[in-house]
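# Geometric and topological summary
Here is how the chains run, residue by residue.
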Amino acid sequence: MIWLGEFGRLCACAALAVGLGVTLPASAQDSKAPPAQNNSSDNFDALKQRDEELKAARDQQRKSAETEAALRRDIDQIGADRRKFNQDLIDTAARLRDVESKITATQDRLKLLDETETGIHKSLESRRELISEVLAALQRIGRRAPPALIASPEDALQSVRTAMVLGAVLPQMRHELSVLANELSDLIAVRKKIDTEREQLRTEVASLGREQLRMTLLVDERQRQLAEREKALDAERTRAGGLARDVDNLKELIAKLEQGLDQATRDTREAARSDNRPELSAFRDPGRLAPAVAFASLRGQVPSPVNGVRLKEFGAPDGNGGAEKGLSIATRTGAQVTAPADGWVVYAGAFRSYGQLLILNVGGGYHVLLAGMERISVDLGQFVLTGEPVALMGNGSHIAAILATGSSQPVLYVEFRKDGVPVDPGPWWAAGEGEKVRG
């Protein structure tokens, strides 16, 4: 009798039906309803919960303010040292893009785990008859209603194993119960992995928030330091805006933008046409005011300006009987865009169907065009370094990009031009960049 009592205690907690909608016999259900909560108790609990939420919100607000204050102090300390400041901008942009990549990878793993969990649920759903028969066996030795199968797979697994060991089911059912036990074990393992991945995702999202805040403060400080040039920039913006309205294509726009430069500036930007291999040490100076090396010699070393998946490559059919003149990359919402090479900003603003357009003169007659961003964070005449943040993507693609690529995600369009003529950017990308191509 003691043995049967212990067996009953273990098996009565079996979660073999409730979660799948199998109706239990009346004798196996708990006839006692939970005591009703009175109104005063409900009100007290609601007020207590509200107080806890307010306290948590205040704590979060305080922590955010403290984090921002600490970041501002850091930036103030390095603000006067242009080299350190530029290096911090580049390093922060690199960390931000690294976190973006990690979040995407974690979300992909979570998607696969969720699909696996759904598959196991469907398999368990198909075993209603087996569960009903096991319930009938368990009912003979226990009175308490079992917990939900899906809600408590650990209890269900323990009960199934106990029933198998103690012979509470017919011999011909043992194989099916073994399969059921394996599926419950898989469900438990998958849920543990999901919990681990979700915790990692929370950590990564929090890290992304901190890096985005630092980036915002750094960009604001960078633009503040350029405020002395505002009067000159106003005239340049007016000129660039007028040119953008008057010209019909990018080649004409680039030519007219460059024609307005003084001879000394034009000579600087046209210099360094050599194809010699670059000296890597030249990139180590974040205080440089001209490209470290000739763009022509950077083949195989140019980093992608954004994390994402390549949708269309240079030369691919454009759907209108022609060929693509650039590269289209689907990105995350709000993705950070960085300069793929050292260069001067010669255009920053809206241009026809391109949306927000950024044009960098990278020297030697080469220009890099980036389009489709939501917000550009650099200004005309500014010299930017490789890896420096220059723009942010939005939360969706503009109409022209949707029609061109079929993607509703944010899409960054990239063109390389030599003397105004589009060239294939493929030979320039750093090793490993091609691995991101898909579709």
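Just above, that's the structure.
What comes next concerns the included structure. Within each chain, residues carry numbers counting from 1 in the order of the written sequence. Restriction of local features to residues with pLDDT of at least 70 applies here, the model being predicted, together with a cutoff of 80 or more for giving and counting side-chain atom pairs; totals for whole chains, interfaces and linings are based on all residues. Side-chain measures were taken over the full set of non-hydrogen atoms in the model, leaving aside hydrogen atoms and water.

## Let's talk about the sheet that holds strand β9 (residues 389-392)
At least two bridges found by DSSP between two strands are what make those strands a pair. Secondary structure elements follow DSSP: runs of H or I no shorter than four residues count as helices, runs of E no shorter than two count as strands, and numbering proceeds from the N terminus. Spatial strand order, β3-β9-β7: three strands in an open sheet with antiparallel pairing. Since the sheet does not close on itself, it has two edges, and those belong to β3 (336-338) and β7 (375-376), each with one partner. Along the sheet face, helix α3 (residues 82-125) touches β3 and β9 and points at about 135° away from the line of β3. Any two residues whose heavy atoms approach within 4.5 Å are treated as being in contact. A fitted line through C-alpha atoms serves as each axis, taken over the contacting stretch for helices, and the angle formed by two N-to-C directions is quoted from 0 to 180°.

## What about the packing of aromatic side chains?
Only Phe, Tyr and Trp rings take part, Trp by its six-membered ring, and two of them pair if their centres are within 6.5 Å. Stacked means planes under 30 degrees apart, edge-to-face means over 60, and tilted covers everything else. Inspection of every chain in the model, using the stated rule, returns ten aromatic pairs. Taking the centre distance of 5.2 Å and the plane angle of 55° together, the rings of Phe 295 and Tyr 366 count as tilted. Pair noted here: Phe 295 is in the loop between α9 (263-270) and β1 (309-312) and Tyr 366 is in strand β6 (residues 366-373), with a separation of 71 residues, a long-range link. For Phe 295, a relative accessible area of 1% puts it in the buried group. For each residue, the accessible area found with a 1.4 Å probe, counting protein chains only, is set against the maximum for its type, and the residue is called buried under 20%, exposed over 50%, and partly exposed in between. Judged by relative accessible area, which is 9%, Tyr 366 ranks as buried. Where Tyr 354 meets Tyr 413, the ring centres are 6.1 Å apart and the plane angle is 55°; that geometry is what we call tilted. A residue pair is termed long-range when its members are at least 10 positions apart, and Tyr 354 in the loop between β4 (343-350) and β5 (356-363) and Tyr 413 in strand β10 (residues 411-418) qualify at 59 residues. A residue is classified by how much of its surface remains accessible, and Tyr 354, at 25% relative accessible area, is partly exposed. Among the aromatic residues, ring-to-ring pairing joins Phe 295, Tyr 366, Phe 416, Trp 428 and Trp 429 into one connected group.

## Digging into the side chain of Glu 324
By the secondary structure assignment, Glu 324 is in the loop between β1 and β2 (327-330). Exposure remark for Glu 324: the relative accessible area of 11% places this residue in the buried category. If we skip the residues at most four places from it in the chain, Glu 324 touches Lys 312, Glu 313, Phe 314, Gly 315, Ala 316, Pro 317, Asp 318 and Tyr 413.

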